[in-house]
Amino acid sequence: THTHTHTQPYPVSRFVGGYVGAVTAAVSIAVSLNAVLGKAKNFSHGTRMIVQRFIPFPAVATASVINVLLMRRHELYEGVDVFEEDGKVVGTSLVAAKRAVGDTAITRAVLPAPILLLPPIIMPWFEKMAFLKKWPRLHLPIQAIVCTACFGFALPVSIALFPQVSEVAVADLEPELQRATSRTTLFYNKGL
């Protein structure tokens, strides 16, 4: 139940900033990588097509990380609640905030990997099959099924990378928190 240091809702400007930052990053990276790929003279047409299928991943992963940092940057300055096993809040920690935001950023970077990396590997296999050549209208539904299956795999794996409620050694926390508890371990909510 402990996610942020205050219970007020996020201001709309934070959502707008997170969205604009993420979109700007994704578009900038995709356009830049496509420009670099266009200038790469040593790639055959086939190699260029294969590499181009993977360009969305770094763009989306970077956008996801930037979105987390922009949406939760206030936590890096204000901290997040750290609490005992029974839920009693001991205080607010910048150390725990850095870990929470960092873990969430890694989760968000990993989440699109299977979704954006596996279909470009799997779909060429399907595209070589006789039934897809005979019925090309099945390409989109098959691609949707492959992407959905990859997402179904990716979501639980990426969320499970770090526990929702994470532990932190009291010795690693700020001195005032170390003095405020006799416990050796406290907890914080990683957030999503």
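Here the structure is shown first, and the text comes after it.
### Section: helix H3 (residues 56-78)
For H3, which comprises 23 residues, the first-to-last C-alpha distance of 34 Å matches the rise-based estimate of 33 Å (1.5 Å per residue) to within 8%. The largest bend along H3 reaches roughly 55° and is located at Arg72. Buried residues of H3: Ala59, Ala61, Ala63, Ser64, Asn67, Val68, Met71, Arg72, His74 and Glu75, and no others. Those residues of H3 that are buried lie in contact with helix H1 (12-39), strand E1 (80-83), helix H4 (94-110) and helix H5 (112-127). Immediately beyond the C-terminal end of H3, within one or two residues, lies Gly79, with a positive phi of roughly 90°.

### Considerations on a nonpolar patch on the surface
Together, Val12, Val16, Tyr19, Val20, Val23, Val27 and Val31 line one region of the surface with nonpolar side chains, adding up to about 650 Å² of accessible area. Of note, Val12 is situated in helix H1.

### Re the pattern of salt bridges
Counted under the stated rule, the structure contains four salt bridges. Notably, a salt bridge pairs Arg183 with Glu84, separated by 3.6 Å at the nearest N-O pair. One end of the pair, Arg183, is in the loop between helix H8 (175-180) and strand E4 (185-189); the other, Glu84, is in the loop between E1 and strand E2 (89-93), with 99 residues separating them in the sequence. The partly exposed category is assigned to Arg183, whose relative accessible area is 36%. A salt bridge links Arg99 to Asp172; the nearest nitrogen and oxygen atoms lie 3.3 Å apart. Linking Arg99 in helix H4 with Asp172 in the loop between strand E3 (165-169) and H8, this pair joins segments that are 73 residues apart in sequence.

### Things to note about the nonpolar core
With twelve residues, the main nonpolar core is built from Val80, Val82, Val90, Ala96, Ala97, Ala100, Val168, Val170, Leu173, Leu177, Leu186 and Tyr188. Counting only elements with at least two residues in this core, the list comes to E1, H4 and E4. For this core, the leading source of residues is H4, giving three residues. Core analysis: the next-biggest nonpolar cluster, separate from the first, contains six residues, Met123, Phe126, Leu132 and Cys150 among them.

The rules behind the values
Residues numbered from 1 in each chain as written. Predicted model: local features only at pLDDT ≥ 70, side-chain atom pairs only at ≥ 80, totals over all residues. Heavy atoms only, no water. Helix = DSSP H or I, 4+ residues; strand = E, 2+ residues; numbered from the N terminus. Expected span 1.5 Å × (residues − 1). Bend = angle between axes of the 7 residues up to and from the residue. Buried < 20%, exposed > 50% of the residue type's maximum accessible area, 1.4 Å probe, protein only. Contact = heavy atoms within 4.5 Å. Patch = residues over 30% accessible without salt bridge, like charges linked within 9 Å, V, L, I, M, F, W, Y side chains within 5 Å. Areas by Shrake-Rupley, 256 points an atom, 1.4 Å probe, with all protein chains shown as cover. Salt bridge = Lys/Arg side-chain N within 4 Å of Asp/Glu carboxyl O. Core = buried A, V, L, I, M, F, W, Y, C linked by side-chain atoms within 4.5 Å.

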